[in-house]
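# Geometric and topological summary
The lines below spell out each chain.
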Amino acid sequence: MNTPPAAEAMKRAAAARALEFVEDGMKIGLGTGSTADAFLDLLAPLVHAGLKIVGTPTSQRTADKARALGIPIEELDMLGPLDLVVDGADEADGDLNLIKGGGGALLREKIVAASGLRMLVIADETKLVDRLGAFALPVEVVPFGHGSTARRIAAVAHARGYPHMVPVLRTKDYAPYRTDNGNYIYDCPFGAIENVPLLAVTLSTIPGVVEHGLFVGMASALVLAGPSGVRVIVGPP
Ligand code: 5RP
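The structure presented is a predicted model; accordingly, all values stated were derived computationally and were not measured. (Residues numbered from 1 in each chain as written. Predicted model: local features only at pLDDT ≥ 70, side-chain atom pairs only at ≥ 80, totals over all residues. Heavy atoms only, no water.)

## Considerations on the site of the ligand
As a matter of local geometry, the ligand sits amid 16 residues, with S34, T35, D90, G101 and K127 nearest to it. Within the backbone of G88, an N or O atom sits 3.3 Å from an oxygen atom of the ligand. Between D90 and the ligand, the recorded distance is 2.6 Å, taken from a side-chain N or O atom to an oxygen atom. When isolated, the ligand has an accessible area of 380 Å², and the protein chains bury 91% of it. Split into classes, the residues belonging to the shell around the ligand amount to two nonpolar, nine polar and five charged. (Near = heavy atom within 4 Å. Polar contact = N/O pair within 3.5 Å; in protein donor to acceptor, adjacent residues only side chain to side chain. Areas by Shrake-Rupley, 256 points an atom, 1.4 Å probe, with all protein chains shown as cover. Nonpolar A, V, L, I, M, F, W, Y, C, P; charged D, E, K, R; others polar.)

Encoded structure:
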């Protein structure tokens, strides 16, 4: 699906604003998705002009793109704590909680976000919602027994007040979609999540669940672009 030009321009505007947070010598976590791609496109000319940064990618796709653009990358373990992580989101709320994983990279994105001193979320303003959950929550599971794991996810959801939630196995080319880590993803349409931290903790306790796309207390700021400009919503220090 092609992104409409206006949405494209907003993603670029958010990415451009995020560049203002980049400083010489920084170690930067590089997100995944179309908005994160826009950030890479804008970062590359600065690198070619002499900006010294090193990035660590959150997916194979981002690693490939960064290499193609000539942005230096290194494995996370070689870099240690990151100065900055710049990534997109599928939804964000006013408390800076996020749903991520629409692009399938949630596990590495969360590991990289957890390694960052600051995480900037870049997005067009349609991603800001009153309550998370209209976007089906991606949950990464190990392939072994994944159907049983999905049934446990559903049972937990039903017990927690989401009686109609049915996890849907993500597919690609008529086969289960495989993440960079070789796992499967179930997209879980919760609708409207009442208590995000509680659901996040609960999902993490289910055997077979590797990670879920709820990012709680990880984002430092939302950089949101709309038709009338870019605004930055900063979280608690
Ligand atoms: C990938 C993600 C992306 O950040 C999310 O899907 C947003 O993507 P886009 O910038 O293309 O809207 O979580 O796993």
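There's more to say after this.
## Some details on the domain arrangement of the chain
Looking at the assigned domains, one finds that the chain contains domain 1 (5-127 + 217-225) and domain 2 (137-208). Placing the centre of domain 1 and that of domain 2 at their C-alpha centroids yields a distance of 25 Å. Summing the contributions of domain 1 and of domain 2, the shared interface buries around 880 Å²; its carbon and sulfur component is 54%. The interface formed by domain 1 and domain 2 contains zero salt bridges. Linking domain 1 to domain 2 there are six residue pairs in polar contact (both at pLDDT 80 or more). (Domains from an automatic or database assignment. Buried area = accessible area lost by both parts, 1.4 Å probe. Salt bridge = Lys/Arg side-chain N within 4 Å of Asp/Glu carboxyl O.)

## Quick word on the pairing of strand β1 (residues 27-30)
Side-chain direction in a regular strand flips from residue to residue, so the side chains alternate between the two faces of the sheet. Here four bridges tie β1 to strand β2 (residues 54-57), and the two strands are oriented parallel to one another. Its bridge partner being in β2, K27 is matched across the sheet by V54. The parallel pair β1 and β2, bridged by helix α2 (residues 34-48), forms a crossover whose chirality is right-handed. Judged from the three bridges that link them, β1 and strand β3 (residues 84-87) form a sheet pairing that is parallel. Residue I28 lies in a different strand from β3, and its bridge partner there is L84. (Pairing = 2+ DSSP bridges. Helix = DSSP H or I, 4+ residues; strand = E, 2+ residues; numbered from the N terminus. Right-handed = clockwise from strand over helix to strand, strands pointing away.)

## Focus: the nonpolar core
Counting residues in each nonpolar core, the largest one holds 27 residues, and the members touching the most others are F39 and L43. Looking at this core, the elements that each hand over two or more residues are α1 (5-19), β1, α2, β3, β6 (119-124) and β14 (221-226). With seven residues, the single largest contributor to this core is α2. Every residue in contact with F39, bar those within four places of it in the chain, is listed here: A15, A18, L19, V22, L30, V86 and I122. Listed in part, the 22 residues of the second largest apolar core include L137, V139, A157 and M165. (Core = buried A, V, L, I, M, F, W, Y, C linked by side-chain atoms within 4.5 Å. Buried < 20%, exposed > 50% of the residue type's maximum accessible area, 1.4 Å probe, protein only. Contact = heavy atoms within 4.5 Å.)

## Quick word on the sheet that holds strand β13 (residues 214-215)
The three strands lie next to each other as β4-β5-β13, forming an open sheet whose pairing is antiparallel. Across the chains shown, the open sheet's two edge strands, defined by having one partner strand only, are β4 (91-92) and β13. Bridge count for β4 against strand β5 (residues 98-99) is two bridges, and the pairing is antiparallel. The partner of E91 across the bridge, within β5, is I99.

## Quick look at the sheet that holds strand β7 (residues 137-141)
The strand order across the open sheet formed by four strands is β8-β11-β7-β12, and the pairing between neighbours is antiparallel. Looking along the sheet, the strands with just one partner apiece sit at the ends: β8 (168-169) and β12 (209-212). Relative to β12, β7 runs antiparallel, the two being bridged by three bridges. Paired with E140 across the bridge in β12 is E211. Sheet strands in contact with helix α6 (residues 146-159) are β7, β8, β11 (184-188) and β12, and its direction is about 25 degrees off that of β11. (Axes fitted to C-alpha atoms, helices over the stretch in contact; angles between N-to-C directions.)

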